[in-house]
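Next come the chains, spelled out residue by residue.
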Amino acid sequence: MRSAVTALLNVDRRIIYTIVLLCVALPLLFPLKIKFSPTREVRDAYDDIQALEPGSVVLISCDYGPASMPETHPMFIALLHQCFRLKLRPIILTLVPDGPGLALRGLRSVLEARDEQGNLLYPDLKPGVDYSYLGYKPGGQAVMLGIGQSFTVTFPQDYAGDSTSQQPLFKEVPALGDVAYIFDIASVGLPEFWLPYAAAREKKPMSVSCTAVSVAQYYPYYASRQFHGLVGGMKGTAEYELLTGMEQILRRVPDATRGMDAQSLVHIFIVLSIVIANVLFFIDRRYKLADRRTG
Amino acid sequence: MSHAGLPIGEIIGFWASAAMTLIILSFIYKDNPVYKFGEHLFLGTALGYSWCICYYNDIYPNAIGPLFPRHGEPRNYLVLIPIVLAIFIMLRMVPSLAHLSRMSFAVLIGGYAGLAVPAVIMANFLPQITSTMGALGPDWATAINRLVLLIGVFTTLIFFFFSLEHRGVVGRISRVGVLFIMVGFGASFGYTVMARVSLLIGRLQFLIQDWVMRAILGRG
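Residues numbered from 1 in each chain as written. Chains lettered and ligands numbered in written order. Predicted model: local features only at pLDDT ≥ 70, side-chain atom pairs only at ≥ 80, totals over all residues.

Okay, the overall build of chain A next. Check the secondary structure of chain A and you find 13 helices and six strands. Taking the principal axes of the C-alpha coordinates as reference, chain A spans close to 85 × 45 × 30 Å. Considering only contacts within chain A whose residues lie at least 6 apart along the sequence, 74% involve residues at least 24 apart. (Helix = DSSP H or I, 4+ residues; strand = E, 2+ residues; numbered from the N terminus. Contact = placed C-beta atoms within 7 Å.)

In structure tokens, the structure reads:
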């Protein structure tokens, strides 16, 4: 018994890695379809966007890079589909240097999405009219304050190199004060800057989608209703995909939703490991105390 | 075109990404020369990418472009001021001229403090205090939540109040604060585990769906 306890307490970490790997890989190959339902934080963000009038402009800041792609990128895709289905007009930008390529890839995938008959889902969308992709601009807070004055001065050209001052969208919506909603999808601490320098300054509602690491940091802002909605990590994104009906739109299980089975299995394994390790620790300690008593 | 109508460039991209993923994951087994190669390749690529992004989005449009315009626009000599200030920061590497960098930092700190102080007070400080001190209602559940929040904030602040020795009543209150801090750390740790697992899921999704299914088997 004692040798088994000692062996289990000193188990090779590679065995644990292998179990984690299996817990992730197996559900991806053989989906378990574990049910989950949207939480209030995610539903609040979704409901806010749903409540916007057709034609309203939503500023989407894609402040994430490849390192957090599984948690954040599917959220951008779901949000864009939701915007285009509701005839909202997104202005997309990024304030992180590794963001422009991903944001462009996400936008393209949505613009090129097709229905079962092979027709484009959104065939009539025109850049500069129904949406705009501004790309990356360094400066963080300076950019936020800049677009508070004027989009076209801060971004004289969009990502494609076309002059923004000639685009109908920016004639109608010249500055941040004219957009209806701000949505920051972030893997870095930028939501804490979007709040004071953009949302609070221009008195605009704002929601945040962030990595799971950051959620605890942003809950106080959600509790104070400064962030109207909070989409946290892959789980939050999967809930948003469920609300948006991404499975019907894409006609396949969307990425974050597909990851939920694996996420659940790994969590069960980690919780069990913690419980077992603690029980073994106390058993081992009892053995050691007994040894000390017997000399 | 090749498997499942994928362009050959995309297939090469899938193979390169898959190879890099496996090379980096090989560190889980143990440190090895292939991992070192992957690590250095990543650092080099990331640095090169950052330099290009920095040059085309920052240095050229804000410094070189206005001084040497391409399309016959007038030169903007005002950009010489930030350029000189930027050079002063670089001079920290020259001990005899390092003091010049103070001027640049004074401008930076003064500017950012001026921007940040009112914004942070109006958007972070006051609303957070108001939210914490909110009325105990409207229902029992909300009232209990707010009471717990208030006790958590108060006891945690007492823990970080070092002007009084943590003994007696103050000591007991600060110990309650420690419990709240531990719960906070636990929640953060749980979320961190979730985030790291998500990254592994993302990589395995890529390996299974894109690399194996699309690039190798030519499905989907």
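There's more to say after this.
Let us now look at the pairing of strand S1 (residues 57–63) of chain A. Residues and elements named next belong to chain A. When you tally the buried positions in S1, you get seven out of seven residues, the bulk of the element. Inspection of the sheet shows S1 paired to strand S2 (residues 89–94) by five bridges, in the parallel sense. Considered in S2, the bridge of Leu59 is made with Ile91. In this fold, the crossover linking S1 to S2 by way of helix H4 (residues 69–85) has right-handed handedness. (Buried ≥ 20, exposed ≤ 12 C-beta atoms within 10 Å, placed from the backbone. Pairing = 2+ DSSP bridges. Right-handed = clockwise from strand over helix to strand, strands pointing away.)

Residues and elements named next belong to chain A. Counting 87 residues, the largest nonpolar core has Val58, Ile92, Val179, Ile182 and Trp194 as the members making the most contacts within it. At eight residues, the largest contribution of residues to this core is made by H4. Looking at this core, you find at least three residues from each of domain 1 (2–31 + 260–294) and domain 2 (40–252). Contact partners of Ile92, with chain neighbours within four places excluded, come to Ile60, Cys62, Ala103, Leu107, Tyr133 and Leu134. (Core = buried A, V, L, I, M, F, W, Y, C linked by C-beta atoms within 7 Å. Domains from an automatic or database assignment.)

Residue and element names in this part refer to chain A. The six strands lie next to each other as S3-S2-S1-S4-S5-S6, forming an open sheet whose pairing is parallel. Taken across any chain shown, the strands that pair with only one partner, and hence form the sheet edges, are strand S3 (132–136) and strand S6 (229–232). On average, each strand axis in the sheet is inclined to that of its neighbour by 15°, with strand direction left out of account. Two strands pair when backbone bridges link them, and S1 and strand S4 (residues 181–186) are joined in this way by six bridges, in the parallel orientation. Residue Asp63 lies in a different strand from S4, and its bridge partner there is Ala186. Where helix H10 (residues 212–223) meets the sheet, its contacts fall on strand S5 (206–210) and S6, and the angle it forms with S6 comes to roughly 165°. (Axes fitted to C-alpha atoms, helices over the stretch in contact; angles between N-to-C directions.)

Below, the discussion takes up the domain arrangement of chain A. Assigned domains within chain A: domain 1 (2–31 + 260–294) and domain 2 (40–252). Taken over C-alpha atoms, the centre of domain 1 of chain A sits 41 Å from the centre of domain 2 of chain A.

Residue and element names in this part refer to chain A. Within S4, six of the six residues are buried, leaving the element largely enclosed by the surrounding structure. Burial of S4 is two-sided: the residues Tyr181, Phe183 and Ile185 facing one way and the residues Ile182, Asp184 and Ala186 facing the other way are all buried. Sheet topology note: the S4/S5 ladder contains five bridges and is parallel. Counted as the bridge partner of Ile182 is Met206 from S5. Note that the unit made of S4, helix H9 (residues 191–202) and S5 has a crossover that is right-handed.

With that settled, consider the packing of helix H2 (residues 13–29) of chain A against helix H6 (residues 168–216) of chain B. Viewed as axis vectors pointing N to C, H2(A) and H6(B) meet at an angle of 45°, and their least axial separation amounts to 10 Å. Judged by the angle between their axes, H2(A) and H6(B) are oblique. Remark: the crossing between H2(A) and H6(B) carries right-handed chirality. Seen from H2(A), the contacting residues are A:Val24, A:Ala25, A:Leu28 and A:Leu29; seen from H6(B), they are B:Leu200, B:Ile201, B:Leu204, B:Gln205 and B:Ile208. Here the residues of the contact of H2(A) with H6(B) are counted per class, giving eight nonpolar, one polar and no charged. (Parallel < 35°, antiparallel > 145°, perpendicular 65-115°, else oblique. Left-handed = near helix turned anticlockwise from the far one by under 90°. Nonpolar A, V, L, I, M, F, W, Y, C, P; charged D, E, K, R; others polar.)

With that settled, the discussion passes to the environment of A:Phe151. Take A:Phe151: it is sitting in helix H7 (residues 151–154). The spacing of A:Phe151 and A:Pro174 is 23 residues in sequence and 5.9 Å in space, taken between C-alpha atoms.

All names here are of chain A. Turning to its location among the elements, Gly65 is positioned in the loop between S1 and H4. Residue classification places Gly65 among the partly exposed residues on the basis of 19 C-beta atoms within 10 Å. As a C-alpha pair, Gly65 and Ser187 span 122 residues in sequence and 7.3 Å in three-dimensional space. Discounting chain neighbours no more than four positions away, the residues touching Gly65 are Val96, Asp98, Gly99, Leu102 and Ser187.

Residue and element names in this part refer to chain A. Compared with the 16 Å implied by 1.5 Å per residue over 12 residues, the 17 Å span of H10 between its first and last C-alpha is a close match. Residues of H10 that are buried: Ala212, Val213, Ser214, Val215, Tyr218, Tyr221 and Tyr222. Looking straight down H10, one finds its buried side chains confined to an arc of 135°; they lie on one side. Positive phi appears at Arg225, one or two residues downstream of H10, with a value of about 65°. (Expected span 1.5 Å × (residues − 1). Arc of directions from axis to C-beta.)

Now for unusual backbone geometry. Leaving glycine out, the prevailing phi sign among residues is negative, and the prevailing peptide bond configuration is trans. Residue and element names in this part refer to chain A. A positive phi angle, close to 60°, is found at Lys87, a residue other than glycine. Relative to the assigned elements, Lys87 resides in the loop between H4 and S2. In this structure, Arg251 takes a positive phi of about 60° despite not being glycine. With respect to the secondary-structure elements, Arg251 resides in the loop between helix H12 (246–250) and helix H13 (255–294).

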